[in-house]
Amino acid sequence: MLSKRIGATILLAATLTGAFAPVAAARQHDPVQRQLDLLVDRDGVPGALAYDGKVTRTAGVADLESGRPMVDAQGRFRVASNTKALTAAAVMRLVADGRIRLGDRAGTYVPQLAGHAVTVRQLLKQTSGIPEYTTLVDWSLPPGTPEDHLDLALKEEPGFEPGTDWGYSNTDYLVLGMLIDKVAGVDFRTYIERTVLRPLRLDDTYWPAPGELHLRGPHARNYGIHPARPEAGRVDMTELPGYEFGASGGLVSTPRGPQRLLGRPVRRSAPSRSGPAPDDP
């Protein structure tokens, strides 16, 4: 009787191995999955995800403490500097509606830049030369305003003369957020929601509220070097003041959200004033 049970167990194990073999083989030969596995196994990333609009691939875990599986394509994450693309789209909407011109000096709309030669186009292209503000902020202090942050940047020497070079700077998009506030007459978050997020039905993409540190809905934990405590090494950085990252990096979305942009026309509302947009100088 015992020998029959052992034999049945071996047969069951062989059957299960045979059943899972095609799945394991497919995973091994999937180039995207291999890269995700490398991020986890070789590079030490806790969890990784790729979504192509149809298939979700994952590796690792969503939480180092609990070991729960990586979230799917509906999991929320901070899109960080990808926010800039939507801010730029909102600025171009103002251009298309004839409310601003790309060649306008930014100081026309942002008083702190009065007397500076920086243009709207240079802010969009990050060729303004305005220094990076995020390295100048004391993140251990209570949150400052965009005006406070821009003031810190303007106290530094410019990286180069406007339009003569390129330099990645969150300050450029901080200023563009301030520009939208002035021209649109509403907070840039509200304007981007009305003109970009809602028309594209990006319903899972949102701006964190003031003081909101957590992520809404399902999400993985995030780990990295905290700017206010770099000496602590890699720590859990899921709870962050996302509102303060503003027009340069504040949005939260899902992997599924940006896929909705592909092939979807934007439903435009009527321009704020009649007539074609002015020629780009």
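All of these numbers come straight from a predicted model, not from anything done at the bench.

Reading the values: rules and limits
- Residues numbered from 1 in each chain as written.
- Predicted model: local features only at pLDDT ≥ 70, side-chain atom pairs only at ≥ 80, totals over all residues.
- Heavy atoms only, no water.
- Helix = DSSP H or I, 4+ residues; strand = E, 2+ residues; numbered from the N terminus.
- Contact = heavy atoms within 4.5 Å.
- Buried < 20%, exposed > 50% of the residue type's maximum accessible area, 1.4 Å probe, protein only.
- Arc of directions from axis to C-beta.
- Polar contact = N/O pair within 3.5 Å; in protein donor to acceptor, adjacent residues only side chain to side chain.

K.L.:
For this particular structure, what's the right way to read the environment of A209?
P.N.:
The residue A209 is located in the loop between α7 (188-197) and β4 (223-225) in this model. Sequence-wise, A209 and G242 are 33 residues apart; in three dimensions their C-alpha atoms are separated by 7.9 Å. Excluding anything up to four places from it in sequence, A209 contacts R216 and Y243.

K.L.:
Before we go on, may I ask you to explain unusual backbone geometry in this structure?
P.N.:
Among all residues save glycine, negative phi is the norm, and among peptide bonds the norm is trans. At A80, a residue that is not glycine, the phi angle is positive and equals roughly 55°. Inspection of the secondary structure puts A80 in the loop between β3 (77-78) and α3 (83-96). With a phi angle near 60°, Q126 is a residue other than glycine that sits in the positive phi range. The topology assignment puts Q126 in the loop between α4 (120-125) and α5 (146-154).

K.L.:
For this particular structure, what's the right way to read helix α2 (residues 31-41)?
P.N.:
Note that an α-helix has 3.6 residues per turn; residues three or four places apart therefore point the same way. Three or more residues of α2 are buried, namely Q33, L36, D37 and V40. Buried residues in α2, looked at end-on, bunch into an arc of 100°, giving them a common side. For α2, the capping residue at the N-terminal end is D30, with a side-chain oxygen 3.0 Å from the backbone nitrogen of V32.

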